[in-house]
Amino acid sequence: MAQERRYGDVAVRSGDEARERFARFRAERSPEAPGAGSARAAGAPRHAAAGVTSPASLRAALGARRVARVAYLVGADARTEVAYRQAYVDGLATVCEVLRERGDPRSRLVFASSTAVYGDADGGLVDEDTPPRPDGFTGAILLEGEAIALGLARDAPTSVTVIRFAGIYGPG
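Treat the numbers as computed from the prediction; the structure is a model and nothing was measured.

## What to know about the overall build of the chain
Looking only at helices and strands, the chain has five helices and three strands in total. Here the chain holds 172 residues, and the buried ones make up 26% of them. Across the chain, the fraction of contacts at a sequence separation of at least 24, relative to all contacts at a separation of at least 6, is 65%. Surface summary for the chain: the accessible area is close to 11300 Å², and the carbon and sulfur share equals 53%.

The structure is reproduced here in structure tokens:
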């Protein structure tokens, strides 16, 4: 007997688990946590911030540190084709270029995309087996970004995960 698929269950469980892990991570790394200073000194995860469209900025921010995880979570400065392309194609291409150069073993890239790549399904069911058919520039550019991210997995020792979030609201 085939098991019924419950859409959304995995996302809810994954979200709860991610919140719990993040809370533990924050508690362990907070300045008030016992031994927090020694954990950092022993090589605990560190974060780097850089302009994603500037390879020099990104290289300088990373320095000689090994890159284990990259969460590419950006937003366009405006809801225009140019702004989306800068954020989701040009910026991601720069990050992938630097990751390829570094060749850090066991590195992982997570790219935040959107269900906009599916276009308007007229209220129909959309799941991971639905072929992408973007009907606007936002979905088309995000799909292009997905291809860039997945290309990194073919070219470098990097694991890539693309997450298509639904219902993203807010500026940009």
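## Focus: the side chain of Thr-138
Along the polypeptide, Thr-138 turns up in helix H5 (residues 137–155). Residue class for Thr-138 comes out buried when judged on its relative accessible area of 12%. Not counting residues within four places of it along the chain, the set of residues in contact with Thr-138 comprises Arg-79, Tyr-84 and Ala-116.

## Observations regarding unusual backbone geometry
Within the chain, Asp-122 stands out as a residue other than glycine whose phi angle is a positive 50 degrees. The residue Asp-122 is located in the loop between strand S2 (107–114) and H5 in this model. Here Asp-122 falls in the exposed class, since its relative accessible area comes to 71%.

## Details of the nonpolar core
In terms of nonpolar packing, the biggest core is built from 26 residues, with Tyr-88, Leu-92, Leu-109, Phe-111 and Leu-152 touching the most fellow members. Elements supplying a minimum of two residues to this core: helix H3 (55–62), strand S1 (69–72), helix H4 (81–102), S2 and H5. In terms of residues, this core owes the most to one element, H4, which gives ten residues. Apart from residues lying up to four places away in sequence, Leu-109 is in contact with Val-70, Tyr-72, Leu-92, Cys-96, Ala-149, Leu-152, Thr-158, Ser-159, Val-160 and Thr-161.

## What about H4?
Helical geometry note: an α-helix holds 3.6 residues per turn, so side chains three or four residues apart project in the same direction. Its 22 residues place the ends of H4 30 Å apart at the C-alpha level, agreeing with the 32 Å of an ideal helix rising 1.5 Å per residue. Taking the largest bend as the criterion, H4 deviates by roughly 25 degrees, centred on Ala-87. Of all the residues in H4, the buried ones are Ala-83, Tyr-84, Ala-87, Tyr-88, Val-89, Gly-91, Leu-92, Thr-94, Val-95, Cys-96, Val-98 and Leu-99. In this fold, the buried residues of H4 make contact with H3, S1, S2 and H5. Gly-103, located one to two residues past H4, shows a positive phi value of around 60 degrees.

## Brief notes about the pairing of strand S3 (residues 158–165)
Relative to S3, S2 is paired through eight bridges, and the arrangement is parallel. Counterpart to Phe-111 in the pairing with S3 is Val-162. In this fold, the crossover linking S2 to S3 by way of H5 has right-handed handedness.

## Description of H3
For H3, the set of buried residues is Leu-58, Ala-61 and Leu-62. Projected down its long axis, H3 shows its buried positions confined to an angular sector of 95 degrees, all on one face. Away from its buried face, by an angle of more than 90 degrees, H3 presents the exposed residues Ala-56 and Ala-60. Packing partners of the buried residues in H3 comprise H4. Following H3 by one or two positions, Gly-63 adopts a phi angle in the positive range, close to 55 degrees.

Conventions adopted
- Residues numbered from 1 in each chain as written.
- Predicted model: local features only at pLDDT ≥ 70, side-chain atom pairs only at ≥ 80, totals over all residues.
- Heavy atoms only, no water.
- Helix = DSSP H or I, 4+ residues; strand = E, 2+ residues; numbered from the N terminus.
- Buried < 20%, exposed > 50% of the residue type's maximum accessible area, 1.4 Å probe, protein only.
- Contact = heavy atoms within 4.5 Å.
- Areas by Shrake-Rupley, 256 points an atom, 1.4 Å probe, with all protein chains shown as cover.
- Core = buried A, V, L, I, M, F, W, Y, C linked by side-chain atoms within 4.5 Å.
- Expected span 1.5 Å × (residues − 1).
- Bend = angle between axes of the 7 residues up to and from the residue.
- Pairing = 2+ DSSP bridges.
- Right-handed = clockwise from strand over helix to strand, strands pointing away.
- Arc of directions from axis to C-beta.

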